[in-house]
Amino acid sequence: MRLVGALTDTQGSCPHADTVRSAEALALVAATSAVVVASGLVSAPVASADTAALLASRWPSVPDGHALSLEDQITERLTQLGNALGDHLDLLSHDMFRLRVDARRRRAHLRIGGGDSEGLAVRLDGDIQFDDLNAHVCARLDLALRGHAVRLELPAFEMSPVSYRGDHGVELRVPLLVQRF
């Protein structure tokens, strides 16, 4: 529960966070008031009106909230945390590591490498698409030596978690032959 609280209870992280909480509190107050009013209506004799219609006319319903759902709030917070981590790692590594996260589309962009084009430069740049358990990676390798640059498009591969006799690891699936129909 602390993890959910850490993702949703930060102040100022999401502009809609207070709206969700205030809508829940308003719904609770409205439900309590409706019970009090309904109990008063049941004890009082009503001529020919239905108690539900009478209650609806005297006590209007609470308007629907236009705030983000809890799932969307967590997704936005994870995107912010991932990008903040990427910014800090980029700053600490002097532009050798960059990470950009889009949790809503389940994508990430990763760049590792350094150097300058006049001497030696090596960069591994990749786009990652996540599904349930697997990560589909499209990567390229940029090499530069004394002003001559080469870009190698690596084959797309898939990464998935595996476990063998209690040891955990990552399985890389690299296609050797690709057939398209």
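Preceding this section is the structure that the text describes.
As a starting point, this report considers the structure included with it. (Residues numbered from 1 in each chain as written. Predicted model: local features only at pLDDT ≥ 70, side-chain atom pairs only at ≥ 80, totals over all residues. Heavy atoms only, no water.)

Counting residues in hydrophobic clusters, the biggest one holds 5 residues: A108, I128, A135, V137 and A139. If one sorts the elements of this core by residue count, strand 4 (residues 135-145) sits on top with 3 residues. When residues no more than four places from it in sequence are discounted, the contact partners of I128 are R106, R107, A108, L110, A135, H136 and V137. (Core = buried A, V, L, I, M, F, W, Y, C linked by side-chain atoms within 4.5 Å. Buried < 20%, exposed > 50% of the residue type's maximum accessible area, 1.4 Å probe, protein only. Helix = DSSP H or I, 4+ residues; strand = E, 2+ residues; numbered from the N terminus. Contact = heavy atoms within 4.5 Å.)

This next bit is on helix 4 (residues 70-92). Compared with an ideal rise of 1.5 Å per residue, which puts 23 residues at 33 Å, helix 4 spans 33 Å between its outermost C-alpha atoms and is within 8% of the ideal. Inspection of helix 4 places Q73, T75, R77, T79, G82, N83, G86 and D90 among the buried residues, and these make up the whole buried set. Just beyond helix 4, the residue with positive phi is H94, at close to 55 degrees. (Expected span 1.5 Å × (residues − 1).)

Let us look at a nonpolar patch on the surface. The grouping of I112, L120, V122, L124, L143, L145, V150, L152 and L154 at the surface amounts to a nonpolar patch, some 710 Å² of accessible area in total. At the level of elements, strand 3 (120-130), strand 4 and strand 5 (148-153) are the ones that each hand at least two residues to the nonpolar patch. The dominant element in the nonpolar patch, judged by the number of residues it contributes, is strand 3, at 3 residues. Looking at where L143 falls in the secondary structure, it is placed in strand 4. Judged by relative accessible area, which is 33%, L143 ranks as partly exposed. (Patch = residues over 30% accessible without salt bridge, like charges linked within 9 Å, V, L, I, M, F, W, Y side chains within 5 Å. Areas by Shrake-Rupley, 256 points an atom, 1.4 Å probe, with all protein chains shown as cover. Salt bridge = Lys/Arg side-chain N within 4 Å of Asp/Glu carboxyl O.)

Attention now moves to the pattern of salt bridges. For the structure on display, the rule yields 9 salt bridges. Across the salt bridge formed by D87 and R100, the nearest N and O atoms sit 2.7 Å from each other. Here R100 lies in strand 1 (residues 97-102) and D87 lies in helix 4, a separation of 13 residues in the sequence. Classification of D87 by relative accessible area gives partly exposed; the value is 39%. Taking the relative accessible area as the measure of exposure, R100 reaches 32% and is therefore partly exposed. One salt bridge connects E158 with R173, and the closest N-O pair in it is separated by 2.8 Å. Taken together, the residues E158 in strand 6 (residues 157-164) and R173 in strand 7 (residues 167-173) connect sequence positions 15 residues apart.

The next subject is the pairing of strand 3. Alignment of strand 2 (residues 107-115) against strand 3, held across 9 bridges, turns out to be antiparallel. Counterpart to R107 in the pairing with strand 3 is Q129. In terms of strand pairing, strand 3 meets strand 4 through 11 bridges, oriented antiparallel. Counted as the bridge partner of V122 is L143 from strand 4. Connecting strand 3 to the antiparallel partner strand 4 that follows it, the hairpin turn spans 4 residues. (Pairing = 2+ DSSP bridges.)

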